[in-house]
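# Analysis of the macromolecular model
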Amino acid sequence: MKKKIRKMLLKKYAVIVLLAALSLLYLYLGDWIFGYGLDNISYIMNYLLYSASEKLVALLMLLSLVIPDAVYFIRGAQPGRGAEK
């Protein structure tokens, strides 16, 4: 069961990384096609998370997604699903 859960979590994050890479490629390709140049995304990123509170909330949201999966990966078990039975 531990191998199955770890394999599932690795697949999940592989898909997330793949989709993120494809999304960035789409943004850069769109900017290049419409003539903004390839450095437009880096210019926009300076204004994406502007204040410290926005950066803190984004970090907390990211940690709330990653920490439970890290615990499940280390322990090799997920919580019971008794309510579905």
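Residues numbered from 1 in each chain as written. Predicted model: local features only at pLDDT ≥ 70, side-chain atom pairs only at ≥ 80, totals over all residues. Heavy atoms only, no water.

## What about the overall build of the protein?
Counting its secondary structure elements, the protein contains three helices and zero strands. Considering the protein as a whole, with its 85 residues, one finds that 9% of them fall into the buried category. When contacts within the protein are restricted to residue pairs at least 6 apart in sequence, long-range pairs at least 24 apart make up 62% of them. Total accessible area on the protein stands at roughly 7600 Å², and carbon and sulfur atoms take up 72% of it. (Helix = DSSP H or I, 4+ residues; strand = E, 2+ residues; numbered from the N terminus. Buried < 20%, exposed > 50% of the residue type's maximum accessible area, 1.4 Å probe, protein only. Contact = heavy atoms within 4.5 Å. Areas by Shrake-Rupley, 256 points an atom, 1.4 Å probe, with all protein chains shown as cover.)

## Brief notes about helix H1 (residues 2-33)
Helical geometry: 3.6 residues make up each α-helical turn, so side chains three or four residues apart lie on a common side. Helix length check: H1, at 32 residues, gives a terminal C-alpha distance of 46 Å against a target of 46 Å (1.5 Å per residue), a fit within 8%. Of all the residues in H1, the buried ones are Ile5, Leu9, Gly30 and Asp31. In this structure, the buried residues of H1 make contact with helix H2 (40-45) and helix H3 (52-75). Taken from the residues just after H1, Gly35 is the one with a positive phi, measuring 85°. (Expected span 1.5 Å × (residues − 1).)

## Overview of the UniProt feature "transmembrane region" (unreviewed entry) in the protein
Under the feature "transmembrane region" (unreviewed entry), the UniProt entry names residues 12-36 and 56-74. Annotated as 88% helix and 0% strand, the span residues 12-36 places its first and last C-alpha atoms 33 Å apart. The straight-line gap between the two end C-alpha atoms of residues 56-74 is 26 Å; of that span, 100% is helix and 0% is strand. (UniProt positions renumbered as here; feature names shortened; annotations may be inferred.)

## Focus on the environment of Lys3
Mapped onto the elements, Lys3 comes out in helix H1. For Lys3 and Phe73, which are 70 residues apart along the polypeptide, the C-alpha to C-alpha distance reads 9.2 Å.

## Thoughts on a nonpolar patch on the surface
On the surface, a cluster of nonpolar side chains totalling about 1200 Å² of accessible area is made up of Leu24, Tyr26, Leu27, Tyr28, Leu29, Trp32, Ile33, Phe34, Tyr36 and Leu38. By the element assignment, Leu24 lies in helix H1. On the basis of relative accessibility, which here comes to 43%, the residue Leu24 falls in the partly exposed class. (Patch = residues over 30% accessible without salt bridge, like charges linked within 9 Å, V, L, I, M, F, W, Y side chains within 5 Å. Salt bridge = Lys/Arg side-chain N within 4 Å of Asp/Glu carboxyl O.)

## Concerning the packing of aromatic side chains
Overall, the coordinates contain one aromatic pair when judged by the stated rule. Summarising the aromatic geometry, the rings of Tyr43 and Tyr47 are spaced 5.7 Å apart at their centres and angled 70° between planes, so their arrangement reads as edge-to-face. Over the face of the ring belonging to Phe73 we find Arg6, whose NZ or CZ atom lies 5.5 Å from the ring centre. (Phe/Tyr/Trp six-rings, centres within 6.5 Å; stacked < 30°, edge-to-face > 60°. Lys NZ or Arg CZ within 6 Å of the ring centre and 35° of its normal.)

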